[in-house]
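Observations on chain architecture
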Amino acid sequence: MRADAQNTVAEIEKSLDLLAQRMDQATAQHRLEEFNARVEDPNLWDDPEAAQKLMRDRQALVDAMETYEGIKQDLTDIVDLIELGEMEEDIEVVAEAEESLKILARRAAQKELEALLNGEADANDTFLEINAGAGGTESCDWAAMLARMYVRWAEKKGYKVELQSESAGDEAGIKSATYKISGHNAYGWLKSESGVHRLVRISPYDSAAKRHTSFSSVWVYPVVDDNIEIEVNPSDIRVDTYRSSGAGGQHVNTTDSAVRITHAPTGIVVTSSEKSQHQNRDIAMKALKSRLYQLELDRRNAEINAAHEAKGDAGWGNQIRSYVLQPYQMVKDLRTNFETSDTKGVLDGDLDAFMAATLALDVSGKSRAEAQGD
């Protein structure tokens with residue numbers, strides 16, 4: 001086997017080692033049997049939330065086991081094929097197998113990154129909040145573009161997307177929107193997107209066709225589950241009901257059922273605009289607890305805390321990523337220096353490479369070597 005192919009095999013084997021450690025391979029089968037026994041309990045669904053969490057945990061373990069075994073078996077098959085091709089001096093077979101090996105290496109590296117999502121809340125669902133910044137109509141339009149980008153990304157991941165609240169722009173786009181995105185590792189993937197996003201383009205709203213710079217902010221915080229205790233003093237909150245002011249349509253209603261909760265000690269404001277006022281209060285309280293939990297995460301994690309303290313306004317000097325559509329095509333993350341000229345793909349939700357670059361830089365405070373126990 002050629003040296004470069006051997007190096008690729010070694011990289012895949014390192015990824016497999018990490019995957020095995022992350023799922024605790026020695027106990028995985030035993031834990032799966034325990035999950036299966038609990039699933040068969042006829043009283044399981046007496047507590048729907050606990051049952052749903054059990055099913056998610058079980059599926060996460062099944063996915064981890066299947067991923068590990070799938071990559072391991074594919075590696076064995078490809079190596080056998082390369083060795084067979086070399087024995088028979090079939091250059092085409094060897095070349096095809098080596099290409100398959102490279103594809104497998106990319107897949108293994110991606111799964112390795114996912115396995116590194118082991119922060120306290122990484123596996124949780126997440127809230128995604130988008131706010132238009134400096135730039136008026138331009139920024140409202142940019143905020144709507146970002147909302148579409150993240151919805152497309154989430155849909156490609158197979159995640160469930162629910163619009164929690166939305167405020168329409170005066171002329172176009174949105175002033176703000178909050179989504180709940182549900183799925184395994186939703187928060188772990190999206191947490192690196194928090195910050196200010198900058199757009200440079202020829203304005204469709206400028207008759208002189210001049211280039212404009214717009215800013216919008218994205219903030220991500222985890223949905224608090226039953227394993228995280230957050231107490232909210234009733235005297236610290238103010239609950240207001242109001243008529244939703246959205247532009248109408250599928251996601252926005254105009255009843256008086258919308259709820260806004262203000263948390264006095266922190267100044268946090270959360271809203272929900274579903275059809276039921278009771279449902280809105282429940283959703284808004286969960287969102288508030290999630291925001292408070294995020295503050296606690298910030299206090300524990302100095303790097304995350306520093307980023308949030310430095311976020312400032314959605315304008316110059318605070319951006320984490322630039323999207324340049326004119327005079328050239330480029331999306332660049334200013335933290336990792338990862339960039340691509342495929343601006344259309346990015347705006348259509350192809351964000352995994354950017355998220356992976358940030359995860360590789362620092363995932364839950366661990367380098368790859370530390371995560372592997374080296």
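In this text, all values refer to a predicted model and were calculated from it rather than measured experimentally. (Residues numbered from 1 in each chain as written. Predicted model: local features only at pLDDT ≥ 70, side-chain atom pairs only at ≥ 80, totals over all residues. Heavy atoms only, no water.)

**Looking at the overall build of the protein**
Put simply, the rule reads: Comment: elements are numbered from the N terminus, with helices defined as DSSP H or I runs of at least four residues and strands as E runs of at least two. Exposure classes here rest on a 1.4 Å probe applied to the protein chains alone. A residue is buried below 20% of its type maximum, exposed above 50%, and partly exposed in between. Throughout, a contact is declared for two residues whenever any of their heavy atoms are within 4.5 Å. In short, Shrake-Rupley with a 1.4 Å probe defines the accessible areas, and a residue's cover is counted only from the protein chains shown.
When helices and strands are tallied, the protein shows 11 helices and 11 strands. Residue burial in the protein is summarised as follows: out of 374 residues, 44% are buried. Partitioning the intrachain contacts of the protein with sequence separation of at least 6 by distance along the chain shows that 64% fall at a separation of at least 24. For the protein, the exposed surface amounts to about 19,400 Å²; the carbon and sulfur share of it is 48%.

**Topic: the nonpolar core**
Our working definition: Definition of nonpolar core: a set of buried residues of the types Ala, Val, Leu, Ile, Met, Phe, Trp, Tyr and Cys, connected through side-chain atoms within 4.5 Å.
Residues Tyr-150, Leu-288 and Tyr-323 are the most contacted members of the largest nonpolar core, which totals 84 residues. Residue contributions to this core peak at 11 residues, all from helix α3 (residues 48–87). Residues within four places of Leu-288 in sequence aside, it is in contact with Val-232, Ile-237, Ile-261, His-263, Ile-268 and Val-270.

**As for the sheet that holds strand β7 (residues 258–263)**
In plain terms, the rule: Note on pairing: DSSP must find at least two bridges between two strands before they are called paired. Lines fitted to C-alpha atoms define the axes here, with helix axes fitted over just the stretch in contact, and angles between the N-to-C directions of these axes take values from 0 to 180 degrees.
Strand order in the open sheet made by the 3 strands is β6-β7-β8, with antiparallel pairing throughout. Only two strands of the sheet have a single partner each, and these edge strands are β6 (237–242) and β8 (268–272). Here the strands of the sheet are splayed against their neighbours by 15 degrees on average, with no regard to which way each runs. Bridge count for β6 against β7 is 6 bridges, and the pairing is antiparallel. Considered in β7, the bridge of Arg-238 is made with Thr-262.

**Here we look at the pattern of salt bridges**
Short version of the rule: Salt bridges are defined as contacts in which a side-chain nitrogen from Lys or Arg sits within 4 Å of a carboxyl oxygen from Asp or Glu.
Applying the stated criterion across every chain yields a total of 20 salt bridges. Salt-bridge contacts for Arg-148 lead to Asp-348; the nearest nitrogen and oxygen are separated by 2.9 Å. You can see Arg-148 sitting in helix α5 (residues 137–157) and its partner Asp-348 sitting in the loop between α9 (343–347) and α10 (352–361), a full 200 residues away along the chain. Ionic contacts of the salt-bridge type, sharing partners, join the residues Arg-148, Arg-152, Lys-344 and Asp-348 into one network.

**A short note on the pairing of strand β4 (residues 195–202)**
Side chains on a regular strand alternate between the two faces of the sheet. Within β4, 7 of the 8 residues are buried, leaving the element largely enclosed by the surrounding structure. Across 8 bridges, β4 lies against strand β5 (residues 211–222) in antiparallel orientation. Across the sheet, the residue bridging to Val-196 is Ser-217, located in β5. The pairing of β4 with strand β9 (residues 319–324) spans 5 bridges and is parallel. Bridge pairing links Arg-198 to Ser-322 in β9.

**Comments concerning the side chain of Asp-125**
Here is the rule: Here Asp and Glu are counted as negative and Lys and Arg as positive; His is not counted, and neither are the chain ends. Identification of polar contacts relies on pairs of N or O atoms within 3.5 Å, with a donor-acceptor requirement for protein atoms, meaning one able to donate a hydrogen and the other able to accept it, and with residues adjacent in sequence counted only if both atoms are side-chain atoms.
Secondary-structure assignment places Asp-125 in the loop between α4 (91–115) and β1 (126–132). Although Asp-125 is buried, it forms no salt bridge, and the closest oppositely charged side chain is Lys-180 at an N-O distance of 4.8 Å. Within the structure, the side chain of Asp-125 is placed 3.0 Å from the backbone nitrogen of Gly-183, a separation counted as a polar contact.

**Re the sheet that holds β9**
Spatial strand order, β2-β3-β1-β5-β4-β9-β10-β11: 8 strands in an open sheet with mixed pairing. Bordering the open sheet on either side are β2 (160–168) and β11 (339–340), each of which pairs with just one other strand. Relative to β5, β1 runs antiparallel, the two sharing 7 bridges. The residue bridging Ala-132 from the neighbouring strand is Ser-216, located in β5. Here α5 sits on the sheet in contact with β1, β2, β3 (174–182), β4, β5 and β9, set at roughly 45 degrees to β5. In the packing of α10 onto the sheet, the strands contacted are β9, β10 (330–333) and β11, and the crossing angle to β10 comes to about 20 degrees.

**Focus: the packing of helix α1 (residues 3–22) against α4**
Describing two packed helices takes the angle between their axes plus the distance from one axis to the other. The condition that has to hold: Any angle between 65 and 115 degrees counts as roughly perpendicular, while under 35 counts as roughly parallel, over 145 as roughly antiparallel, and the rest as oblique. Two helices that cross are described as forming a left-handed crossing if the nearer one is turned anticlockwise from the farther one by less than a right angle, and a right-handed crossing if clockwise. All amino acids are sorted into three groups, where Ala, Val, Leu, Ile, Met, Phe, Trp, Tyr, Cys and Pro are nonpolar, Asp, Glu, Lys and Arg are charged, and the leftover types, Gly among them, are polar.
Taken N-terminus to C-terminus, the directions of α1 and α4 make an angle of 30 degrees; their axes are 9 Å apart at the nearest point. The pairing of α1 with α4 is recorded here as roughly parallel in orientation. Crossing handedness for the pair α1 and α4: left-handed. Between α1 and α4, the residues in contact are Ala-5, Thr-8, Val-9, Ile-12, Ser-15, Leu-18, Leu-19 and Arg-22 and Glu-98, Leu-101, Lys-102, Leu-104, Ala-105, Ala-108, Ala-109, Lys-111, Glu-112 and Ala-115, respectively. Of the residues contributing to the contact of α1 with α4, the split by class is 11 nonpolar, 2 polar and 5 charged.

**A look at the packing of aromatic side chains**
Our working definition: Ring pairs are drawn from Phe, Tyr and Trp, using the six-membered ring of Trp, whenever the two centres fall within 6.5 Å, and their geometry is named by plane angle: stacked under 30 degrees, edge-to-face over 60, tilted for the rest. For a ring to carry a charge above it, either NZ of a lysine or CZ of an arginine must fall within 6 Å of the ring centroid while also lying within 35 degrees of the normal to the ring plane.
By the definition in use, this model includes 4 aromatic pairs. Centroid distance Trp-142 to Tyr-323: 4.9 Å. Interplanar angle 70 degrees. Geometry classified as edge-to-face. Taken together, the residues span a long stretch of sequence, with Trp-142 in helix α5 and Tyr-323 in strand β9 at a distance of 181 residues. Taken as a pair, Trp-142 and Tyr-323 share a single burial class, namely buried. Here Trp-153 and Tyr-159 contribute two aromatic rings whose centre-to-centre distance is 5.7 Å and whose plane-to-plane angle is 70 degrees, an arrangement assigned as edge-to-face. Both residues of the pair, Trp-153 and Tyr-159, belong to the buried class. For the cation-ring pair, Lys-157 lies above Trp-189, with the distance from its terminal atom to the ring centre recorded as 4.2 Å. Over the face of the ring belonging to Tyr-221 we find Arg-291, whose NZ or CZ atom lies 5.0 Å from the ring centre.

**Here's the deal with the confidence of the model for the protein**
Using the following cut-off: Values of pLDDT, ranging from 0 to 100, describe the predictor's confidence in every residue of the model.
Looking at the protein, pLDDT values average 83 and 84% of them are 70 or higher. Mean pLDDT values for the elements of the protein range from 42 in helix α11 (residues 368–371) up to 97 in α9. Low confidence marks residues 302–312, where pLDDT is under 50. Its contacts with residues over four positions away, or in another chain, come to 12 contacts. Note on residues 363–374: pLDDT is under 50 here. Beyond four places in sequence and across chains, it has 24 contacts.

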